[in-house]
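# Descriptive structure summary
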Amino acid sequence: MLPWVFAINENELADGEKKLLLLEDKTILLVRQEGNYYAMSNKCPHMGCPLSKGNLEGFIIKCPCHDWKFDVRSGEFLAAPEIKAPVYDTDISEGKVFVKMDGEL
Amino acid sequence: MKKVLMYTLSTCPWCMRAKKFFRERDIPFEFIDYDKADEQTQKMIREDCESHGEEIAFPFIKIGEDVVVGYNPRKYSEFLES
Amino acid sequence: MDTGKRKEQLKAMFQRVIDPLGYKYSPDTELVDFLLEQEVMLEKEKGSPFCPCQGLTGEREHDMQLVCPCIPFHREHFDAMKRCWCGLFVHKDVDDPDKLLQISRKEFEESGKKDRF
Ligand code: FES
């Protein structure tokens, strides 16, 4: 299976916005910020709540359940960076956004 | 005998052990379960914890003028005897 | 959901959180079982598995930092005790949890360094 998976067309997501995607059976949170795309697992490492329902401020997504905050660039939990949500590489080609689904598990 | 007052939680095993410590030694004490208390009592307890520079962590035990936060039999004895 | 099942679920979820922080469940299995049971009750009553040994205030910012495992928000204090306040979690190298004392926040702050205990 090809690791690069088509996610969305660039024009589907405005800068500063987030979107929930289902790619290869995984729920992925895609964020567009300062022109770049960031993809991370949508499942909160705490108790599995969907991060897509949380608040996005800059590069920080706040889980709706217990307010744990994660950096979408690294997947790191701000209060303890040892705790990380899986993140995936992204690429843009001809107006299409791709996510590399062989990222860390 | 020094007056012993405890703030406890009904869910906290260390609070139960603290009560057991005093009961086993026949030392009378009063206690309030923070989680079962009304709002006003909770507020009073919080203020009391904070005035001692502590978090709202249990058990919070006053032995006379001294305060012990946590299950610490050595300190209980020390303060009871001092 | 039945309490026993939820306890197992919480246990598995928390294991993934505490492991990278250098903690494990206390070898005192009776204590672990009791505390997880309290957390399931607290979750039923209040919506989240809060710490059974610390007081909620009703202020979201305060209370959310007491959802188990609360280690990330009390890291230095708990590291100094080698356990969390409840004793549900201990450092991975701890074999005899009964030797670990509860050191209050204030004592910890006043000590300035952990090797005094
Ligand atoms: S599930 Fe996300 S903070 Fe608890």
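Residues numbered from 1 in each chain as written. Chains lettered and ligands numbered in written order. Predicted model: local features only at pLDDT ≥ 70, side-chain atom pairs only at ≥ 80, totals over all residues. Heavy atoms only, no water.

This brings us to helix α1 (residues 13–24) of chain B. Residue and element names in this part refer to chain B. For α1, built from 12 residues, the straight-helix expectation of 16 Å at 1.5 Å per residue is met to within 8% by its first-to-last C-alpha distance of 16 Å. For α1, the full list of buried residues reads Pro 13, Trp 14, Cys 15, Ala 18, Lys 19, Phe 21 and Phe 22. Phi turns positive one or two residues past the end of α1, at Asp 26, with a value near 55 degrees. (Helix = DSSP H or I, 4+ residues; strand = E, 2+ residues; numbered from the N terminus. Expected span 1.5 Å × (residues − 1). Buried < 20%, exposed > 50% of the residue type's maximum accessible area, 1.4 Å probe, protein only.)

Another point: the sheet that holds strand β3 (residues 60–63) of chain B. Residues and elements named next belong to chain B. In space, the 4 strands of this open sheet follow the order β2-β1-β3-β4, with mixed pairing throughout. One side of each edge strand has no neighbouring strand; the edge strands of this open sheet are β2 (30–33) and β4 (66–69). For this sheet, the mean angle separating the axes of adjacent strands, direction not counted, is 15 degrees. (Pairing = 2+ DSSP bridges. Axes fitted to C-alpha atoms, helices over the stretch in contact; angles between N-to-C directions.)

The subject of this paragraph is helix α1 (residues 3–18) of chain C. Taking 1.5 Å as the rise per residue, α1(C) with 16 residues should run 22 Å; its terminal C-alpha atoms sit 22 Å apart, in good agreement. Along its buried surface, α1(C) packs onto β9 (80–84) of chain A together with β1 (23–25), α2 (29–46) and β2 (89–91) of chain C. Sitting at the head of α1(C), C:Asp2 places a side-chain oxygen 3.0 Å from the backbone nitrogen of C:Gly4. (Contact = heavy atoms within 4.5 Å. Polar contact = N/O pair within 3.5 Å; in protein donor to acceptor, adjacent residues only side chain to side chain.)

This paragraph deals with the interface of chain C and chain B. Listed as interface residues are 24 residues of chain C and, on the opposing side, 23 residues of chain B. Buried surface at the junction of chain C and chain B, both sides included, amounts to about 1,800 Å², of which 51% is carbon and sulfur. Our count for the chain C to chain B interface comes out at 1 salt bridge. A salt bridge links B:Lys75 to C:Glu107; its shortest N-O distance comes to 2.3 Å. At the boundary of chain C and chain B, one finds 12 residue pairs in polar contact (both at pLDDT 80 or more). Elements represented by at least two residues in the side of chain C that touches chain B include exactly α2 and α5 (105–111) of chain C. Of all the elements, α2(C) adds the most residues to the side of chain C that touches chain B, at 4 residues. (Buried area = accessible area lost by both parts, 1.4 Å probe. Salt bridge = Lys/Arg side-chain N within 4 Å of Asp/Glu carboxyl O.)

Averaged over every residue, the pLDDT of chain B is 96; the share at 70 or more is 100%. Both confidence scores are given for the complex: pTM 0.93, ipTM 0.92. (pLDDT = per-residue confidence, 0-100.)

Quick look at the state of the cysteines now. Residue and element names in this part refer to chain A. All told, the structure shown has 2 disulfides over all chains when counted by the stated rule. One disulfide in the model links Cys 49 with Cys 65; its S-S distance is 1.9 Å. On the S-S bond that ties Cys 49 to Cys 65, the torsion sits near -85 degrees, and the link is left-handed. Here the residue Cys 49 occupies a position in the loop between β4 (36–41) and β5 (55–57), and Cys 65 occupies one in the loop between β6 (60–62) and β7 (69–71), the gap between them amounting to 16 residues. (Disulfide = S-S within 2.5 Å.)

Another point: the sheet that holds strand β10 (residues 87–88) of chain A. All names here are of chain A. One open sheet accounts for 4 strands, arranged β2-β3-β4-β10; its pairing is antiparallel. The open sheet has two edge strands, β2 (18–23) and β10, and neither has a second partner. In this sheet, β4 lies alongside strand β3 (residues 26–33) in antiparallel orientation, the contact comprising 6 bridges. Across the sheet, the residue bridging to Val 31 is Tyr 38, located in β4.

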